[in-house]
Amino acid sequence: MSSRKIPIANIYYLLCYAWDHVEERDVVRLEELEGLERVQDLLGKVLAEGTFRLIRRGIDRGYREVREDLTGIRGKIAVGETAKRALRARGQVTCDFEELSHDVLHNRILRSTLRSLLQLPDLHPDVRANVRSAYTKLKGIGNVQLNRRLFQQVQLDRNRRYYRFLLSVCLLIHEQLLIDERSGEATFTDFSDERMEKLYEDFIIGFYRREQKHYRVNHRGRTIAWVDEGTPKHQRSKIPRMVADVILEAPERRIIMDAKYYRKALGGQYGGKLHSDNLYQLMAYLRNREATEAPGPRHEGILLYPTIDSPVTIDVRLEGFPLQARSIDLAQDWRNIHDQMLALIE
């Protein structure tokens, strides 16, 4: 299933839940996304509008190290540099000091990402105008060569949550942009199935953590222990980890949910059967977690597929485990998605 088939507004909601930034989803209003059909236009719009809001609030400042030739003394004298260049004869010394400045790493990443977007030749004209304006308003902040390590170097406290949201947008743009070193032109790659699958899974986790309070979501992690009695200790490292997508736990129910981002939810000769590997995997989760966890309500399984066309509603009972297969139409109005997600576990 391509991300192009999902309305751009819904892609935005998926991202906000996946990143745990639901509060920031009002950076753009849904009506502002009308007419936009591509992810690069969505991200450009969000980043530009987010930058405008950041400027109105006051962009962050931080201390950066500066080395400068001065007639007076500020900070620490760089004795070796001063002597090497014979600056004292001219009444100067080289000083190292810290200066409070807007030109800090997270602002540089923000401005550099806006610059990268301007290299896209097919960016929506209205979005391009917004991105260019946001880039201009950050004048005085330097550009950097973006890479993943640079993003990892950013350190933000809890009070800078809004910055973390914008940097998540920047990182996604960086990962999807391919820039030709010779021509300087950029190409935005469509989301791969692997990225959409991860986004879909993270959305489900984020949604249930945010939108309901009855179940604990992945409270003790998602790893499920194998029933491995009799396996020699030195051989246990050969057994792969068993990790579920979502585990919901309440006093009266325990649910293992497996998110499957497939182009077609059902397979088989006539397209009406569950994919056997999906079913085998979920049954392995149910058997092993039932056997290795403390006594409680019997585990249930849910296979959750996204779908654009025909819905999936299957209820079976295998080896005593209740099992459902359901689909969520990601092309419908977001309020319906919200209600269906909650109805699934009620």
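Residues numbered from 1 in each chain as written. Predicted model: local features only at pLDDT ≥ 70, side-chain atom pairs only at ≥ 80, totals over all residues. Heavy atoms only, no water.

A. Structural context of the nonpolar core. Ranked by size, the top nonpolar core spans 83 residues in total, and within it Phe203, Ile204, Tyr208 and Met257 carry the most contacts. Ignoring anything within four residues of it in the chain, the contact list for Ile204 reads Val246, Met257, Ala259, Leu304 and Met341. If you look at the next biggest cluster of nonpolar residues, it comprises 18 residues, including Ile247, Ile256, Met283 and Leu303. (Core = buried A, V, L, I, M, F, W, Y, C linked by side-chain atoms within 4.5 Å. Buried < 20%, exposed > 50% of the residue type's maximum accessible area, 1.4 Å probe, protein only. Contact = heavy atoms within 4.5 Å.)

B. Broad picture of the sheet that holds strand 1 (residues 62–70). As summarised here, the arrangement of the three strands in space is 1-3-2, forming an open sheet in which the pairing is antiparallel. The open sheet has two edge strands with one neighbour each: strand 1 and strand 2 (76–77). Where strand 2 lies against strand 3 (residues 93–101), two bridges are found, and the strand directions are antiparallel. Bridge pairing in strand 3 places Ile77 opposite Cys95. (Pairing = 2+ DSSP bridges. Helix = DSSP H or I, 4+ residues; strand = E, 2+ residues; numbered from the N terminus.)

C. Up close: the environment of Phe97. If you trace the backbone, Phe97 turns up in strand 3. Look at Phe97 and you get buried, because its relative accessible area is 7%. When the C-alpha atoms of Phe97 and Val243 are compared, they prove to be 50 Å apart, with 146 residues separating the residues in sequence. Not counting residues up to four positions away in its chain, the partners in contact with Phe97 are Arg64, Glu65, Val66, Glu68, Leu70, Arg74 and Gly75.

D. Just the environment of Thr94, in detail. Mapped onto the elements, Thr94 comes out in strand 3. Separated by 14 residues in sequence, Thr94 and Gly80 place their C-alpha atoms 8.9 Å apart. Not counting residues within four places of it along the chain, the set of residues in contact with Thr94 comprises Arg67, Glu68, Asp69, Lys76, Ile77, Ala78, Glu81, Thr82, Arg85 and Leu87. Polar contacts involving the side chain of Thr94 include one to the side chain of Asp69, which spans 2.8 Å. (Polar contact = N/O pair within 3.5 Å; in protein donor to acceptor, adjacent residues only side chain to side chain.)

E. Just the packing of aromatic side chains, in detail. All told, the structure shown has eleven aromatic pairs when counted by the stated rule. An angle of 25° between the planes, with centres 5.9 Å apart, marks the rings of Tyr17 and Trp334 as stacked. You can see Tyr17 sitting in helix 1 (residues 8–18) and its partner Trp334 sitting in helix 10 (residues 334–343), a full 317 residues away along the chain. Owing to a relative accessible area of 10%, Trp334 belongs among the buried residues under this scheme. Taken together through their ring pairs, the aromatic side chains of Tyr12, Tyr13, Tyr17, Phe203, Phe207, Tyr208 and Trp334 make up a single cluster. (Phe/Tyr/Trp six-rings, centres within 6.5 Å; stacked < 30°, edge-to-face > 60°.)

F. Just the pattern of salt bridges, in detail. Applying the stated criterion to the full structure yields 32 salt bridges. Close ionic contact of Arg108 with Asp103 constitutes a salt bridge, the shortest N to O distance being 2.8 Å. For Arg108, a relative accessible area of 26% puts it in the partly exposed group. With relative accessibility at 12%, the residue Asp103 sits in the buried group. Taking the shortest distance from any N to any O, the salt bridge between Arg298 and Glu290 comes out at 3.7 Å. (Salt bridge = Lys/Arg side-chain N within 4 Å of Asp/Glu carboxyl O.)

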